[in-house]
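# Coordinate analysis (summary)
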Amino acid sequence: MAIPDYQSCMLPLLQFLADRDEHTLRDSEESLAQHFQLAAAERAQLLPSGRQGLFKNRIGWARSYLKMAGLLESPRRGVFKITPRGLNVLADNPGRIDIKFLQRFPEFVELLDATRSAGKANAPVDAPVSQSTPEETIETAYQGLRAQLAEELLSRILASSPTFFEQLVVELLVKMGYGGSRRDAGERIGQTGDGGIDGIIKEDRLGLDTIFIQAKRWQGSIGRPEIQKFVGALQGQRARKGVFITTSCFTADAADYASRIDTKVVLIDGKQLTDLMIDFDVGIAAAGSYAIKRVDSDYFEES
């Protein structure tokens, strides 16, 4: 089944804690994964940032909201247990526990009101509740902004000259840690008669090996024949490593060929190219930054 949203996790989580024992988030995740019959692949699914499991994040927020309503408590760091109020709720045998259900508790409404007011002035208490956790909402918005930026980058690259594109590729590889400084690590050699090689870059500061570059500012997909030409050019230079970068994409046949030859050739398509440019700050500038903070539990521990 699909991974349940955080509100659907609330009742099963409270039922798991009905034994009145102390439990960790890991214990809860294991129990609820069995309850929802999640497959291993579903449990392994991550938030868009890749920093936390999606299911674990949703259970964590279910726990936080139940705690805000006084149905759970944390007697010590890293553990939580059900409260007498939580046991009373289970005794009523509710069919579902969600944000609307929790609004019957004044403490929850007060905390929810304060949270909404901090995010948006005059937000109504009965405003629609998102099925996504706050982290999911933030990361989905971030991924949307990133996709928009990648599209704009690709448009600017396609409008630039071939010479500029070749220089961009070398600079990107330098930013990724190849060769040291831009001056001594990368050299554009994309002149007529270059044998299909647009640039060279040292693999490290010492120049123990050299990577040859092919940069294609194309609209259509690149097939196997183009990769074969590049491999031939590498062999003519007695080179063992090459990077083929394009603004378009590679056919499945081209990717399969590159994966089976002895010469190491890495293929980078337009999407990968713009992703790397964003990750390594090439051709972009920061417009703003937001830090997600959490309570430092160690700070509040008294010796």
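This text follows the structure it describes.
Reference entry: report on the structure contained in this document. Since the model is a prediction, treat every value here as computed from it, not as a measurement.

### As for the overall build of the protein chain
A tally of helices and strands in the protein chain yields 13 helices and seven strands. Taken over 303 residues, the protein chain has a buried fraction of 39%. The long-range fraction of contacts in the protein chain, counting pairs at least 24 apart against all pairs at least 6 apart in sequence, stands at 62%. Of the roughly 18,000 Å² of accessible surface on the protein chain, 50% is carried by carbon and sulfur atoms.

### Some words on the pattern of salt bridges
For the structure on display, the rule yields 14 salt bridges. E30 is the partner of R43 in a salt bridge, and the nearest nitrogen-oxygen pair spans 2.9 Å. Separated by 13 residues along the polypeptide, R43 in helix α3 (residues 40–43) and E30 in helix α2 (residues 25–35) bring together distant segments of the chain. Assessed through its relative accessible area of 26%, R43 is described here as partly exposed. Take E30: its relative accessible area is 37%, and that puts it in the partly exposed class. The salt bridge involving D209 is made with K241; its shortest N-O contact spans 3.5 Å. Taken as a pair, D209 in the loop between β4 (199–202) and β5 (210–216) and K241 in strand β6 (residues 241–246) lie far apart in primary sequence, 32 residues in all. Here the residues in one salt-bridge network are R146, K271, D275 and D279, joined through shared partners.

### Points about the packing of helix α4 (residues 54–68) against helix α8 (residues 134–158)
The geometry of α4 relative to α8 is characterised by a closest axis approach of 9 Å and an angle of 135° between their N-to-C directions. Taken together, the axes of α4 and α8 are oblique relative to one another. Note on element contacts: α8 touches α4 through P134, E135 and E136, opposite L54, N57, R58, W61 and Y65.

### Points about the side chain of D5
You can see D5 is positioned in the segment before α1 (10–16). Buried charged residue D5 carries no salt bridge. Nearest counter-charge: R96, at 4.4 Å.

### Notes on the packing of helix α11 (residues 224–236) against helix α12 (residues 252–260)
Closest axis-to-axis distance for the α11/α12 pair is 8 Å, and the angle between their directions is 30°. The orientation of α11 relative to α12 falls into the category roughly parallel. Judged by residue contacts, R224, I227, Q228 and V231 of α11 engage D253, A254, Y257, A258 and R260 from α12. For the contact of α11 with α12, the per-class residue count stands at five nonpolar, one polar and three charged.

Quick notes on the rules
- Residues numbered from 1 in each chain as written.
- Predicted model: local features only at pLDDT ≥ 70, side-chain atom pairs only at ≥ 80, totals over all residues.
- Heavy atoms only, no water.
- Helix = DSSP H or I, 4+ residues; strand = E, 2+ residues; numbered from the N terminus.
- Buried < 20%, exposed > 50% of the residue type's maximum accessible area, 1.4 Å probe, protein only.
- Contact = heavy atoms within 4.5 Å.
- Areas by Shrake-Rupley, 256 points an atom, 1.4 Å probe, with all protein chains shown as cover.
- Salt bridge = Lys/Arg side-chain N within 4 Å of Asp/Glu carboxyl O.
- Axes fitted to C-alpha atoms, helices over the stretch in contact; angles between N-to-C directions.
- Parallel < 35°, antiparallel > 145°, perpendicular 65-115°, else oblique.
- Lys, Arg positive; Asp, Glu negative; His and termini not counted.
- Nonpolar A, V, L, I, M, F, W, Y, C, P; charged D, E, K, R; others polar.

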